[in-house]
Amino acid sequence: MAELAGKGENPEYLFWVGCAGAYDDRYKKVTRAFTKILNYLGTSYAVLGKEESCSGDPAKRAGNEMLFQMQALQNIEILNGYGIKKILTICPHCYNIFKNEYPDLGGNFELINYTEFLKDQADLGKLKTDSSVFGNTSITYHDPCYLGRGNNIYDSPRLLIKSIANAPVEMARNKSHSFCCGAGGAQMFKEAEEGNKEVFIERTEEALETKAEIIATACPFCMTMISDGLKYKNKEDSVKNLDIAELIAQSLNL
Amino acid sequence: MLTQIIFIAILIISLGILTYSLLRIASFFKLTQSAFPIKDFGKRINISLQVAFGQSKIFRLPLIGLVHALVFWGFLVISLGSLEMIVDGVSGSERSFSNLGWIYNFVILTGDIFAYVVSAGIIIFLIRRLFMSIARFKGIELKPKSKKDANFALALILLLMISLAGMNVFYLHVHSENPEGIYPISQFLVPLVHNFSEQNLQILYSVSWWSHILLIFFFANYLPYSKHFHVFASIPNVFLSSLEPLGKIPNMQSITSEVKIMMNPETAFSSPEDGTALITRFGVKDIEDVTWKNYLDSLTCTQCGRCTAVCPANITGKKLSPRKVFIDIRQRMNDKGPGLIKQGKDFSDNKSLIKEYINTEELWACTTCNACAMECPLNISHPNLIIDMRRYLVMEEAAAPAGLNMMFTNIENNGAPWQYSPEDRLNWIEE
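Residues numbered from 1 in each chain as written. Chains lettered and ligands numbered in written order. Predicted model: local features only at pLDDT ≥ 70, side-chain atom pairs only at ≥ 80, totals over all residues.

**Thoughts on the nonpolar core**
- Cys-181, Ala-216, Ile-226, Ala-245 and Ile-248 of chain A together with Met-389 of chain B are the most contacted members of the largest nonpolar core, which totals 143 residues.
- Top contributing element to this core by residue count: helix H17 (residues 382-396) of chain B, with eight residues.
- With near-sequence residues (within four places) excluded, Cys-181 of chain A lies in contact with His-142, Val-199, Phe-200, Arg-203, Phe-221, Cys-222, Met-225 and Ile-226 of chain A.
- Counting residues in each nonpolar core, the second largest holds 29 residues, with Ile-157, Leu-160, Leu-172 and Trp-209 of chain B among its members. (Core = buried A, V, L, I, M, F, W, Y, C linked by C-beta atoms within 7 Å. Buried ≥ 20, exposed ≤ 12 C-beta atoms within 10 Å, placed from the backbone. Helix = DSSP H or I, 4+ residues; strand = E, 2+ residues; numbered from the N terminus. Contact = placed C-beta atoms within 7 Å.)

If you want it as structure tokens, here you go:
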């Protein structure tokens, strides 16, 4: 972003990569898949790079409001400094906090989750997907809580899956009834409390019951949990966990 | 004339006791904190029509949801009839509203049908509670007292319906020539009491009438001490719902100016702006820290357990039960509220909501997935309150689990929850 601003250019979108998108080895592949699609579409975008910092979601949900607000005010200063209007996110936690919690602190941006962005591009005829790669592969979709219940985004990811294969096979608990992967609310960063089962195992088992060959996710934390679940169930070779961005990129042979 | 005086006396006593109970609850509200400003009345009316009157969220469990919706709609119609009974009782007349014509006929007709529908519904509810093993009617938070309360309230409603049906049947028989209103179901039950003498029927009608109205007075006065207070609290609670997306956890505005001062070295040593000096505590430790909305949520909760039944932490055997949080809030207010009112805000009973009522293990098990809030038929918001209690643990007691403290340090030092350098933020491009 700093480079483009130096040249006086104003990209249409800021792509907010997020910490998992930047650092998590598995999820970096999702970041790359999404940027490949953006480049394929010829979208005008930039990233903040080294100026990006944690949105503050895990701090906030762990109760550290002070740290969250410090992160938020810093981020808002940087984003406003570049005059950014539209932010594209792949991480639903970043999406939610920018959309719902930054405005009260002076950060007013138009937030677009990548599944909605891709669906809009498909509606505009710019993103042309077909089922030549995935054919009849059966795919199930796990709703991230912060996209689904949190922000009412249930249809776009499903329509995208339908555009490259069959409509997703639904798990027993889906859409607003969906079952959490277990990582939200800062659980990702701590040991689970004592219980008789791990949340991610419960959800992975439910996904496996659909007999789908691919479990599609749309959140870095969900991906970590479901991938761990597949390893735990010794299914990592037979069932794949892919992000919606990876599915679309693969369907376009990118 | 004498019965009129007796009726008025009973009415005044009932209303007096009810006023006392409601004022007690109102005085508890005065102990709570502000939540959000009430605006957008159009949206609020809309949400009340959908969620409260339309029962939209109760239908997330379609079958038993329908039974509840029928009981609720019946309650609305039958309440209109009860209003007439009060006017009759005070004025010493009979069927005061009958000159309303077709509206009256419609209300009586639907009321008569609902008397039987509601009875059937209540019997189904009682069978489920007494003879079936339903997971959400269990749980550590449901003490024997709560179970008795549930069954007692259901039994009262059943008696209310039986007395109403009795009233209708006996009324039809006494006024067989020219009855006011239409009674589509009760008319078929008239032959059952055919052999009764005219005098006995008149007595039975009076007994039914008095039983019904006295049960209403008793029920109204029982509610403020029962989980069934949701009869009073639920419609206001839905009207006063948060209108924000479930994903939003409101910011603590009280600390924003403090954070700004900390971040700006020039103002770091100047005096804090107005407002910041008012912060007495970060987050929720005890009952005086909760908002009026949290307390209203606790009065609204009828312990149906739909929240707990969908909670991922609870399902996987963790201690958290979203329902328990609100049962504890109401109980804590009953326990500490009177002392706070008498002795002021310094009152202490050496206990607090966190620890003695809700332990930290419950609070840390929440994934903020919002399944509970999505499920609650009355728009109670559980995750926001849980985060408020975490705020107390983190910002007042620095008592977060080790993993979270490490995450905080990482964000502070390198702007990411993991220990990676900001210099490496663009490494994803090269691989």
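**Considering helix H8 (residues 230-239) of chain B**
- Burial in H8 of chain B covers these residues: Ala-233, Ser-234, Asn-237 and Val-238 of chain B. Projected down its long axis, H8 of chain B shows its buried positions confined to an angular sector of 125°, all on one face. (Arc of directions from axis to C-beta.)

**Some words on the sheet that holds strand E4 (residues 110-113) of chain A**
Residues and elements named next belong to chain A.
- Pairing is parallel in the open sheet, where four strands are placed in the order E2-E1-E3-E4. The sheet is open, and its two edges are formed by strand E2 (45-46) and E4, each paired on a single side.
- The pairing of strand E1 (residues 13-16) with strand E3 (residues 86-89) spans four bridges and is classified as parallel. Directly across from Leu-14, in E3, lies its bridge partner Ile-87.
- Each of E1, E3 and E4 touches helix H6 (residues 92-101); the most contacted strand, E4, lies at about 160° to it. (Pairing = 2+ DSSP bridges. Axes fitted to C-alpha atoms, helices over the stretch in contact; angles between N-to-C directions.)

**Quick word on the domain arrangement of chain A**
Residue and element names in this part refer to chain A.
- When cut into domains, chain A gives domain 1 (2-118) and domain 2 (129-251).
- Between the C-alpha centres of domain 1 and domain 2 the distance comes to 23 Å.
- Contacts between the two partners involve 26 residues from domain 1, matched on the other side by 24 residues from domain 2.
- Looking at the side of domain 1 that touches domain 2, the elements with two or more residues in it are helix H2 (19-23), helix H3 (25-41), helix H4 (57-61), H6 and helix H7 (114-123). (Domains from an automatic or database assignment.)

**Focus on helix H10 (residues 292-300) of chain B**
Residue and element names in this part refer to chain B.
- For H10, the tally of buried residues reaches eight of nine residues, placing the bulk of the element in the interior.
- Considered for burial, the residues of H10 that qualify are Lys-293, Asn-294, Tyr-295, Leu-296, Asp-297, Ser-298, Leu-299 and Thr-300.
- Along its buried surface, H10 packs onto helix H1 (2-29), H8, helix H13 (322-343) and H17.

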